[in-house]
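So the chains spell out like this:
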Amino acid sequence: MVNIFALDIGGTKIACGIYDENLNLIREWKVPTGKSLSDIEGAVLKSCRRACEEVEIAAVGISAAGNIKPDRRTIAFSTNIPCWIDYPLAEIIEDEFKIPVIVENDANAAGWAEFAHGSGQGSCNMVMVTLGTGMGGALVLNKELYRGSFGMAGEIGHLPMVSSGLPCGCGLFGCAEKYASGTALETLAKQAVRRDPDTGAKLLEMTGGDPEKITGSTVFAAAEAGDELSLSIFKETGAWLGKTLAAISAVLDPDTYVLGGSAATPLLLSEARLSYPKFLQASSFRPHAEIKLAKFSGDAGLIGAADLALRKVRE
Ligand SMILES: [Zn+2]
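Nothing here was measured: the structure is a model prediction, and the numbers come from that model.

Each value, and the rule that gives it
Residues numbered from 1 in each chain as written. Predicted model: local features only at pLDDT ≥ 70, side-chain atom pairs only at ≥ 80, totals over all residues. Heavy atoms only, no water. Phe/Tyr/Trp six-rings, centres within 6.5 Å; stacked < 30°, edge-to-face > 60°. Helix = DSSP H or I, 4+ residues; strand = E, 2+ residues; numbered from the N terminus. Buried < 20%, exposed > 50% of the residue type's maximum accessible area, 1.4 Å probe, protein only. Lys NZ or Arg CZ within 6 Å of the ring centre and 35° of its normal. Domains from an automatic or database assignment. Contact = heavy atoms within 4.5 Å. Buried area = accessible area lost by both parts, 1.4 Å probe. Salt bridge = Lys/Arg side-chain N within 4 Å of Asp/Glu carboxyl O. Polar contact = N/O pair within 3.5 Å; in protein donor to acceptor, adjacent residues only side chain to side chain. Nonpolar A, V, L, I, M, F, W, Y, C, P; charged D, E, K, R; others polar. Donors = N, O, S within 2.8 Å, 3.2 Å for Na, K, Ca; no water. Tetrahedral: all angles 85-135°; square planar, octahedral: opposite > 155°, others 65-115°. Axes fitted to C-alpha atoms, helices over the stretch in contact; angles between N-to-C directions. Parallel < 35°, antiparallel > 145°, perpendicular 65-115°, else oblique. Left-handed = near helix turned anticlockwise from the far one by under 90°. Pairing = 2+ DSSP bridges.

(A) Layout of the packing of aromatic side chains. For the structure on display, the rule yields 6 aromatic pairs. Ring geometry for Tyr257 and Tyr276: centres 5.9 Å apart, planes at 70°, overall edge-to-face. A residue pair is termed long-range when its members are at least 10 positions apart, and Tyr257 in strand β12 (residues 256-260) and Tyr276 in helix α8 (residues 266-279) qualify at 19 residues. Under the relative-accessibility criterion, Tyr257 is labelled buried at 0%. Look at Tyr276 and you get buried, because its relative accessible area is 3%. For the cation-ring pair, Arg50 lies above Trp29, with the distance from its terminal atom to the ring centre recorded as 3.9 Å.

Right under this line is the structure:
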């Protein structure tokens, strides 16, 4: 029996999971990430030790919030964990435990989980779009993760959709994630409520009268309850999402889009499906990609990392 230990290392917590060779979860736990380099390293090694004490581990798969070097062993840099610069994570664990380690970017690991075991199963070219605070992505082309020449591929949230548009945290203007993400839902709702509190009555009622408390989830709940304003906000955001997917299709021509993350809701999916063909080049002459919701949620990074480690063992 081959067991895999997977870690999903984010800015605040490390999710850990022991999986068997069929990717059944045997045990899972979470620990705080810590702040300093030695704290984080200590937390990672301690969890690896715990896993190795419980069962025999054949390989370790890591999903990490950062830019991973092409050897999939070293973290070049991480905006969430700034102390990681050229950090040899795989080597550190291998030296201690003498088992193979593979490191993958968290968005790629989640995309791989969908491709290998989720909504992207059977696809040849799949684009995963993660909609949360921003918009992230992962590309699986010809059934393999595509990382790009510099490990920067899949940053679809920063496609420049609007010239001189809204300012983005990346320093550019008019990026896709400013128009289609959980934050976009929230921003549009807050603006509308401030402009006209009467139209925003339902949203205000749900947040105790405080427009500052409106989030993407509030807008979704209100839309589900039939609130006109929230439905129109979904229409607008979904239209931007469809347009973004059409722009990706013009370049990559994938067969499947998988929408994941906290803002990937059935309502946004249906609006994106309506908008996508309108912006698709040669729309009436070509097959259209399927647009689906993701199968996995918070555990996608772990499952993807575990699967990648398992493949490494079987190489
Ligand atoms: Zn941007």
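So that's the structure; there's more coming.
(B) Looking closely at the domain arrangement of the protein. Under the domain assignment used here, the protein contains domain 1 (4-111 + 299-314) and domain 2 (122-294). Domain 1 puts 9 residues into the contact, and the matching count from domain 2 is 9 residues. With both chains or domains summed, domain 1 and domain 2 bury close to 740 Å², and 54% of this area falls on carbon and sulfur atoms. On the domain 1 side of the interface with domain 2, the three residues burying the most area are Asn67, Asn108 and Gly111, jointly 53% of the side's total. Applying the counting rule to domain 1 against domain 2 returns 1 salt bridge. Taking the shortest distance from any N to any O, the salt bridge between Glu104 and Arg147 comes out at 2.7 Å. In this structure, the connection of domain 1 to domain 2 is made through 2 residue pairs in polar contact (both at pLDDT 80 or more). Here the side of domain 1 that touches domain 2 gets 4 residues from one element, more than from any other, and that element is helix α3 (residues 106-117). Here the residues of the side of domain 1 that touches domain 2 sort into 4 nonpolar, 3 polar and 2 charged.

(C) Up close: the environment of Phe150. Looking at the element boundaries, Phe150 is found in the loop between β11 (144-146) and α4 (182-195). With a relative accessible area of 71%, Phe150 lands in the exposed category. Measuring from C-alpha to C-alpha, the distance between Phe150 and Asn67 comes to 9.0 Å, with 83 residues separating the pair along the chain.

(D) The coordination of the zinc ion, seen in detail. Taken together, the protein ligands of the zinc ion are His158 (ND1), Cys168 (SG), Cys170 (SG) and Cys175 (SG), with distances of 2.0 to 2.4 Å. Here the zinc ion binds 4 donor atoms, and the angle range of 106 to 118° at the metal identifies the geometry as tetrahedral. When the donors of the zinc ion are listed by position in the chain, the intervening gaps give H-x9-C-x1-C-x4-C. One end of the pair, His158, is in the loop between β11 and α4; the other, Cys168, is in the loop between β11 and α4, with 10 residues separating them in the sequence. Classification of Cys168 by relative accessible area gives buried; the value is 8%.

(E) Quick peek at the packing of helix α7 (residues 228-252) against α8. With their axes 6 Å apart at the nearest point, α7 and α8 run at an angle of 50° to one another. Classified by the angle between their axes, α7 and α8 sit oblique to one another. Viewed along their axes, α7 and α8 form a crossing whose handedness is right-handed. Across the interface between the two elements, Leu231, Phe234, Lys235, Thr237, Gly238, Ala239, Leu241, Gly242, Lys243, Leu245, Ala246 and Ser249 from α7 touch Leu267, Leu268, Glu271, Ala272, Ser275, Tyr276 and Phe279 from α8.

(F) Seen up close, the pairing of strand β4 (residues 59-64). The element β4 is largely enclosed, with a buried count of 6 among its 6 residues. Pairing geometry for β4 and strand β8 (residues 101-105), over 5 bridges, is parallel. Bridge pairing in β8 places Gly61 opposite Ile102.

(G) The pattern of salt bridges, seen in detail. If you walk through the whole model with that rule in mind, you get 14 salt bridges. One salt bridge in this structure joins Arg50 and Glu54, with 3.5 Å as the shortest N-O distance. Of this pair, Arg50 and Glu54 both sit in helix α1 (residues 37-54), 4 residues apart, roughly one helical turn. The class for Arg50 is partly exposed, based on a relative accessible area of 34%. One salt bridge in this structure joins Arg194 and Glu212, with 2.7 Å as the shortest N-O distance. Linking Arg194 in helix α4 with Glu212 in the loop between α5 (201-206) and α6 (216-224), this pair joins segments that are 18 residues apart in sequence. You can call Arg194 partly exposed: its relative accessible area is 48%. On the basis of relative accessible area, Glu212 is assigned to the partly exposed category, the value being 48%. One continuous salt-bridge network, built from bridges that share partners, spans Glu186, Lys190, Arg194 and Glu212.

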